[in-house]
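Residues per chain, in single letters:
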Amino acid sequence: VLCGFVQAQSKSYEIPTIRVEVSINENGTVQITEHLTYSYDGSFSWAEYELPKSGYSAIKDIRISEGGQSYINSNSEEPGTYSVSESAETIRLKWHYNAEDERRTYTISYTLQGALTVGPEWSQLFWNFLSSSRDKDTKQLNVTINLPHKVSGDSLHVWTRGPKGQFALQAASGTFTIEATNLDDDDVAKIRTLFPSSVLNRSEVQVTNQNFSLAQARQEEEVYQEKRAERLERQAYLAQLWQNISYLIVLVSLGLFYF
């Protein structure tokens, strides 16, 4: 048992850096390319990644590559291949390779249909770039979201939902840039970007929410922040209350023991 424990402890991996490039196209599709950097300590032969089956109407063109070399969609489990499977809530990608005591970057790309909320004047992409169900911390997350046309900075709006104080936001010339550092494995990185609907080809893209507006998005974010502050305040109160109860239990226990 001890030998097995030592062997297990000597083998580990991290995913310290994730870089995401997003292109919002004129036809309303969204192309997402994720570069995942793995750092291996030991020998590894496969990895898994999950995509949600919500927030869009269809997903296509799923690809995995490394260093410009495309993996082959196959169930052979040979190095250089990958497979796609589905459950009720997720799409699971599994790819195979041979890695040992090294750092490697894998690229996962896919195209989403129906991922935008399109209003008469304003549209949005609201996407979670980090799931709270992952089992590794993320030291550095970089997300770049490009619109099909350049837009002045005052027409671009961005909000994040995740650990407070760990996101840096920038929006200019039709590009959103979001950076986050030191995200725990149970943290999320939900990013909401708002932009003029005029950047989309209205002959190909239909309005999906006639009532959607910038004012509505701002109000929703204000309500979210208020509820978040109330929740954090409640958690802090309960933590302090539990600490006081713990002290009381110790004192009562000592008193009973003395009696």
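Because the structure is a prediction, the values reported are computed rather than measured.

J.: Please explain the layout of surface pockets as it appears in this structure.
T.: Gaps left between atoms show up when a probe the size of a water molecule is rolled over them. For the largest pocket, the calculated volume is near 1,000 Å³. Forming the walls of the largest pocket are 37 residues, and the residues nearest its centre are Glu48, Tyr49, Glu50, Ser131 and Arg134. Mapped by element, the contributors of at least two residues to the lining of the largest pocket are β1 (12-24), β2 (30-41), β3 (43-52), β8 (90-100) and β11 (122-128). Per-class residue counts for the lining of the largest pocket are 19 nonpolar, nine polar and nine charged. Size it by volume and the second largest pocket reaches roughly 170 Å³. Every residue along the wall of the second largest pocket is listed here: Arg161, Gly162, Pro163, Asp187, Val188, Lys190, Tyr224, Arg228, Arg231 and Leu232. A per-element tally of the lining of the second largest pocket places helix α2 (residues 214-258) first, with four residues. Its residues assigned to classes, the lining of the second largest pocket shows four nonpolar, one polar and five charged.

J.: Help me understand the pattern of salt bridges, please; the structure alone is not making it clear to me.
T.: Two side chains carrying opposite charge are able to pair once their charged atoms lie near each other. Per the counting criterion, the structure on display carries nine salt bridges. Glutamate 102 serves as the salt-bridge partner of arginine 104, at 3.8 Å between the closest nitrogen and oxygen. Look at the salt bridges and you will find they share partners, linking Arg161, Arg192, Glu220 and Glu221 into a network.

J.: Looking at this structure, how should I read the sheet that holds β8?
T.: Overall, mixed pairing links the four strands, which are arranged β3-β8-β7-β6 in an open sheet. In this open sheet, the two edge strands, each paired with only one partner strand, are β3 and β6 (72-73).

J.: Even after reading the chapter, I still don't get α2, so can you show me in this structure?
T.: Because each turn of an α-helix spans 3.6 residues, side chains separated by three or four positions in sequence point in the same direction. For α2, spanning 45 residues, the distance from its first C-alpha to its last is 66 Å, which sits close to the expected 66 Å at 1.5 Å a residue. Buried residues of α2: Leu214, Ala217, Glu221, Tyr224 and Arg228, and no others.

J.: Where do I start with the pairing of strand β13 (residues 157-161) in this structure?
T.: Successive residues of a regular strand alternate their side chains across the two faces of the sheet. Among the five residues in β13, five count as buried, and that is most of the element. On β13, burial covers both faces: His157, Trp159 and Arg161 on one face and Val158 and Thr160 on the other are all buried. Both β13 and strand β16 (residues 190-196) contribute to a ladder of five bridges, which runs antiparallel. Following the sheet pairing, histidine 157 is matched in β16 by leucine 194.

J.: How should I be thinking about unusual backbone geometry in this particular structure?
T.: Outside of glycine, negative phi angles account for most residues, and trans bonds account for most peptide bonds. Phi is positive for aspartate 61, which is not a glycine, with a value near 55°. Among the structural elements, aspartate 61 can be located in strand β4 (residues 58-66). Phi angles above zero are rare outside glycine, and aspartate 101 is one such case at about 50°. Summarising the element assignment, aspartate 101 is placed in the loop between β8 and β9 (103-113).

J.: In this structure, what is going on with the sheet that holds β4? I would like to understand it.
T.: Each strand in a sheet pairs with its neighbour through backbone hydrogen bonds, running either in the same direction (parallel) or in the opposite one (antiparallel). Taken in spatial order, the eight strands of this open sheet run β5-β4-β9-β2-β1-β12-β15-β14, and their pairing is mixed. Only two strands of the sheet have a single partner each, and these edge strands are β5 (69-70) and β14 (167-172). Where β4 and β5 come together, two bridges link them in antiparallel fashion. Counted as the bridge partner of glutamate 66 is glutamine 69 from β5.

Procedures and definitions
Residues numbered from 1 in each chain as written. Predicted model: local features only at pLDDT ≥ 70, side-chain atom pairs only at ≥ 80, totals over all residues. Heavy atoms only, no water. 1 Å grid on protein atoms, 1.4 Å probe; cavity = no way out; pocket = protein on both sides within 12 Å on 5 of 7 lines; lining within 4 Å. Points joined across faces, edges and corners; volume = space filled by probe spheres on them. Helix = DSSP H or I, 4+ residues; strand = E, 2+ residues; numbered from the N terminus. Nonpolar A, V, L, I, M, F, W, Y, C, P; charged D, E, K, R; others polar. Salt bridge = Lys/Arg side-chain N within 4 Å of Asp/Glu carboxyl O. Pairing = 2+ DSSP bridges. Expected span 1.5 Å × (residues − 1). Buried < 20%, exposed > 50% of the residue type's maximum accessible area, 1.4 Å probe, protein only.

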